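Residues per chain are reported as follows:
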Number of protein chains: 2
Amino acid sequence: MKPYVEMSREELLTLKSELDGACKIQEAKDISLNMARGKPGASQLALSMPMLDVINGQSDMKTLLGNDTRNYGDWDGIGECRQLLADMMEVKKANVVVCGNSSLNIMYDTVIRSMVKGVNGSTPWCRLDKVRFLCPVPGYDRHFKITETFGIEMINIPLGEDGPDMDMVEEYVNNDASVKGIWCVPKYSNPTGISYSDEVVRRFAHLRPKAEDFRIFWDNAYCIHHLYEDDRHQILNILEECEKAGNPDMVYIFASMSKISFPGSGVSAIATSLKNMEYLKKFMTTQIIGHDKINQLRHVRFFKNIDGLHTHMKKQADLLRPKFEAVLDILEKELSGTGIGSWTKPKGGYFISFDAMPGCAKAIVEKCEQLGLVLTGAGATYPYGKDPQDSNIRIAPSFPTPEEMAEATKIFVLCVKLATVEKLLNS
Amino acid sequence: MKPYVEMSREELLTLKSELDGACKIQEAKDISLNMARGKPGASQLALSMPMLDVINGQSDMKTLLGNDTRNYGDWDGIGECRQLLADMMEVKKANVVVCGNSSLNIMYDTVIRSMVKGVNGSTPWCRLDKVRFLCPVPGYDRHFKITETFGIEMINIPLGEDGPDMDMVEEYVNNDASVKGIWCVPKYSNPTGISYSDEVVRRFAHLRPKAEDFRIFWDNAYCIHHLYEDDRHQILNILEECEKAGNPDMVYIFASMSKISFPGSGVSAIATSLKNMEYLKKFMTTQIIGHDKINQLRHVRFFKNIDGLHTHMKKQADLLRPKFEAVLDILEKELSGTGIGSWTKPKGGYFISFDAMPGCAKAIVEKCEQLGLVLTGAGATYPYGKDPQDSNIRIAPSFPTPEEMAEATKIFVLCVKLATVEKLLNS
């Protein structure tokens, strides 16, 4: 296919006319599809339905230690669930507190607590003139929303194939005391799907933060969410690396089972050093008497152990892979050689990241919406919703069926082409 | 029985010697009982076990509106659960957001949010020199812990038979702009069991706060937790009264099902004005994508409606009443006429409040502990854990069996007598 930028005005006009026609036909179909959020599809949810049978009215409700999960107690989670999450997060049980259904909520709590009470006794962030967070981009909109909500200034850090631009990260963290944190999705990153290389993880661990209260917010949301059994990403253990590098308290790791069992009805956890834990505990035990331990028990009895988790995730991968591949096939077939877009080919996680020609993303998302296809808002993958290039679009293939996904991608491709042609004609 | 204060030194010494002997015998029994926390007993938990059958692997998981409870969505709770909680809290569904398992957590969130972001746009409390909360005493230690954690100064307000001393409340709230809140348990109060009279509720509604960001934290924890069917307390609807009085935004109401279904595995809610809700929403939707909707569905399918809740609570009352009565009977029999203690006779809720002779509470709790009976720490019912009279002790009769409860109360009474005799001998 001829690169669009090499087309003459005449060729572009002809193409536009064809594309306009295709749009009209598509519009008449009156479809309604949604690729906006990383929602598991119905077939994935069905996989977890038997979990709802493992605890019933006749069940023994005691933990291995004999504690009654139905009553108050075990504020940090029942032992066997802490162990399961520890194995999933590749840390020691002693470093894990199991919380409620949402790891996002733990992140929010961690930030707001630092605002009011600082970090392990440091000056509360709300008393400082300026607090900044580094934000590898494109990234996760809900991370950015937390820091935005509290008036924390966000700085874009380009995210490459191996992780964030570590020269920039070091420059900021090691020299600027107002830099208090960085949002990371180190494995199968949202939305690009890349995983941090060993070198990147080690450079993180070896940071020498100017601010004693600088913390890495390591959201390992997709830690066991592989798409290809024979091409599993493995990342270094950041907690261990930080310990080795003499920075034992520099990281908070977050994870949840929202995309393992049920979104909203999973269990989440934070893992961090014992010293950080001691500080967190004061607030966590003020905040709540305890989380839902029956649900913790339900998860442990269903998945049993880390092997059970992996087996379950393999079944999920079998359902997700065709959806990713449906998108990638059509993108390849329709856009390869046109020079009007590039995209990632993730080996895990929930998203495909698409980069349109600069200045086209908003127009593409709008056009898709007119044709009945809802995408994540353009700009959402950047702090403040502002993509400086207006180029990045996050594609979430999990919710529709593979057939719907193929149909949606055709609409998407049509809109990418049309928006780009219009952009070229107007420039 | 002769009042202890009228006893001669000789009589007191003889009594002490008898009591010391009884203590020795008791100590040798090596018992272990716990009346420290308001934990439901095993028989109460058993009542809710069938709830774990109503959702299983074959269940239809859709809400009445057809939303899938297993996936993201419905951040404010599924409609039918909002309705159930609204009916329980005696407010309109539109005013309710259903949250996670813990109303304490919603209160914590509400306070910490006000610290960082103020109330509906007011100056964040963390930027103010002084923030104060009124604390009716005796009250709930976990409320006080939240405000203490954030350095909010707490002011004791005596709690009477009808509610807090409203003259004092009005004096503070209407004249002191640093007073931003008051902790209330308006029905079957923790620990005294009293309920606010209509006049008290109306005086609350008619406050004219000096601070625009003053809020009443109305923890209606025991709203349907009656002990006596024929003597149910009913309190005025604070949200309606506030509206009528021109103070529609002055109250946050909290409630949960922790002591209805399972502690830690219930559902909780906040009810407030639509204007407050609009402000809360910005933070709640940043904090979490959504709460556990499967558990919400489980509760609705089990309890069905407010009548179902009342029927369930009647069964709980049948189990709790004998425990309360076991305590009250022994207190009456052993202490009546001695003048060394007074206590409340609650018609609902989870606690009995005992007032020892001033200066004796700590000694009583210590002595009980030596005999194997754990009570809530003396002072816990006051801000900062400091009971200025060292007099109040909270008795939680729910967890032990009625027989254990009787045994525990005998130990308690023994310790009350001995501590008081020792106090009198040393004064």
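These notes cover the structure that comes with them. In this text, all values refer to a predicted model and were calculated from it rather than measured experimentally.

Focus: the sheet that holds strand β9 (residues 341-343) of chain B
Residue and element names in this part refer to chain B.
No. 1: The strand order across the open sheet formed by three strands is β9-β10-β12, and the pairing between neighbours is antiparallel. Either end of the sheet is taken by a strand with one partner, and the two such strands are β9 and β12 (392-395). Geometrically, the sheet is characterised by an average inter-axis angle of 25 degrees between neighbouring strands, direction not taken into account.
No. 2: Examined bridge by bridge, β9 and strand β10 (residues 352-356) share three bridges and lie antiparallel to one another. From the neighbouring strand, Gly 341 faces β10, where its bridge partner is Ala 356.
No. 3: Packed on one face of the sheet, helix α12 (residues 306-335) meets β9, β10 and β12 and runs near 20 degrees to β10.

So, the relation of the copies chain A and chain B
No. 1: Expressed as a screw operation, the relation of chain A to chain B combines 0.0 Å of axial shift with a rotation of 180 degrees, fitting to an RMSD of 0.0 Å. These values place the two chain copies in the arrangement generated by a two-fold rotation axis. Of the C-alpha atoms belonging to chain A, the one lying closest to the rotation axis is found on A:Val116, 3.3 Å away.
No. 2: Comparing contact sets, 100% of the residues at the interface of chain A also lie at the interface in chain B, consistent with an isologous, same-surface contact.

Concerning the interface of chain A and chain B
No. 1: Counting residues at the interface gives 55 residues for chain A, matched by 55 residues for chain B.
No. 2: Interface area for chain A against chain B, summed over the two sides, is near 4,700 Å², with a carbon-plus-sulfur share of 57%.
No. 3: The largest share of the area that chain A buries against chain B comes from A:Arg70, A:Tyr72 and A:Thr286, three residues that together contribute 15% of it.
No. 4: Applying the counting rule to chain A against chain B returns zero salt bridges.
No. 5: Viewed at the interface, chain B and chain A are joined by 16 residue pairs in polar contact (both at pLDDT 80 or more).
No. 6: Looking at the side of chain A that touches chain B, the elements that each hand over two or more residues are α2 (42-47), α3 (51-54), α5 (103-117), α6 (141-149), α10 (274-287) and α11 (293-303) of chain A.
No. 7: The leading source of residues in the side of chain A that touches chain B is α5(A), at nine residues.

What about the sheet that holds strand β7 (residues 251-256) of chain A?
Residue and element names in this part refer to chain A.
No. 1: In space, the seven strands of this open sheet follow the order β2-β8-β7-β6-β5-β3-β4, with mixed pairing throughout. Unpaired on one side and paired on the other, β2 (96-98) and β4 (153-158) mark the two borders of the sheet. Taken pair by pair, the neighbouring strands of this sheet meet at an average axis angle of 20 degrees, ignoring direction.
No. 2: Across three bridges, β2 lies against strand β8 (residues 268-271) in antiparallel orientation.

What counts, and at which threshold
- Residues numbered from 1 in each chain as written.
- Chains lettered and ligands numbered in written order.
- Predicted model: local features only at pLDDT ≥ 70, side-chain atom pairs only at ≥ 80, totals over all residues.
- Heavy atoms only, no water.
- Pairing = 2+ DSSP bridges.
- Helix = DSSP H or I, 4+ residues; strand = E, 2+ residues; numbered from the N terminus.
- Axes fitted to C-alpha atoms, helices over the stretch in contact; angles between N-to-C directions.
- Contact = heavy atoms within 4.5 Å.
- Least-squares fit on C-alpha atoms with pLDDT ≥ 70 in both.
- Buried area = accessible area lost by both parts, 1.4 Å probe.
- Salt bridge = Lys/Arg side-chain N within 4 Å of Asp/Glu carboxyl O.
- Polar contact = N/O pair within 3.5 Å; in protein donor to acceptor, adjacent residues only side chain to side chain.

Take it as geometry only, folks, not as evidence of what the structure does.
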